[in-house]
Amino acid sequence: MIVCVCNNISDREIRQAMEFGITSMDELRDALGVATCCGQCFSCAEDILNEQLAAQAAAADLQETVLKRPVFTN
C-alpha cells in the first residue's frame, strides 16, 4: 500500500527501512522522505512505525525466551 503519495513510499519500504535500523519518524523522513511534502501520510507512517517496533520487540522477547538455554556449572 502506498503510504506517501507525494514521494511514492509504500508500507513495505518503511518496514524494510526499519530492518536496517530506523526507529523514529525523523529517521524515516531523512531516509525516505516520508511526510516531507504535504504531511497527510504522517499518521499512517507513524502507525506503521509503531506497529513494526512492537512486532520487533515481541519477536526479540520470544527469541530470547525460546533460544535461551540454562547454563549449568559444576
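Here, every reference points to the structure presented above.
Residues numbered from 1 in each chain as written. Predicted model: local features only at pLDDT ≥ 70, side-chain atom pairs only at ≥ 80, totals over all residues. Heavy atoms only, no water.

Q: What exactly am I supposed to notice about the pattern of salt bridges here?
A: A side chain of one charge can pair with a side chain of the opposite charge if their charged atoms are brought near each other. Within the structure shown, the criterion is met by 2 salt bridges. The salt bridge partner of Arg15 is Asp11, with a shortest N-O separation of 2.8 Å. One end of the pair is Arg15 and the other is Asp11, both in helix α1 (residues 11-19) and 4 residues apart, which spans about a single turn. By relative accessible area, which is 27% here, Arg15 ends up partly exposed. (Salt bridge = Lys/Arg side-chain N within 4 Å of Asp/Glu carboxyl O. Helix = DSSP H or I, 4+ residues; strand = E, 2+ residues; numbered from the N terminus. Buried < 20%, exposed > 50% of the residue type's maximum accessible area, 1.4 Å probe, protein only.)

Q: Any chance you could explain the nonpolar core here in plain terms?
A: In globular proteins that are soluble, nonpolar side chains generally tend to be buried together. One finds Val3, Ile14, Met25, Leu28, Val34, Cys41 and Ala45 to be the most contacted residues of the largest nonpolar core, which totals 15 residues. Mapped by element, the contributors of at least two residues to this core are β1 (2-4), α1, α2 (25-32) and α3 (42-67). Residues within four places of Ala45 in sequence aside, it is in contact with Val3, Ile14, Met25 and Val34. (Core = buried A, V, L, I, M, F, W, Y, C linked by side-chain atoms within 4.5 Å. Contact = heavy atoms within 4.5 Å.)

Q: Any chance you could explain the side chain of Ser10 here in plain terms?
A: Take Ser10: it is sitting in strand β2 (residues 9-10). Every residue in contact with Ser10, bar those within four places of it in the chain, is listed here: Met1, Ile2 and Val3.

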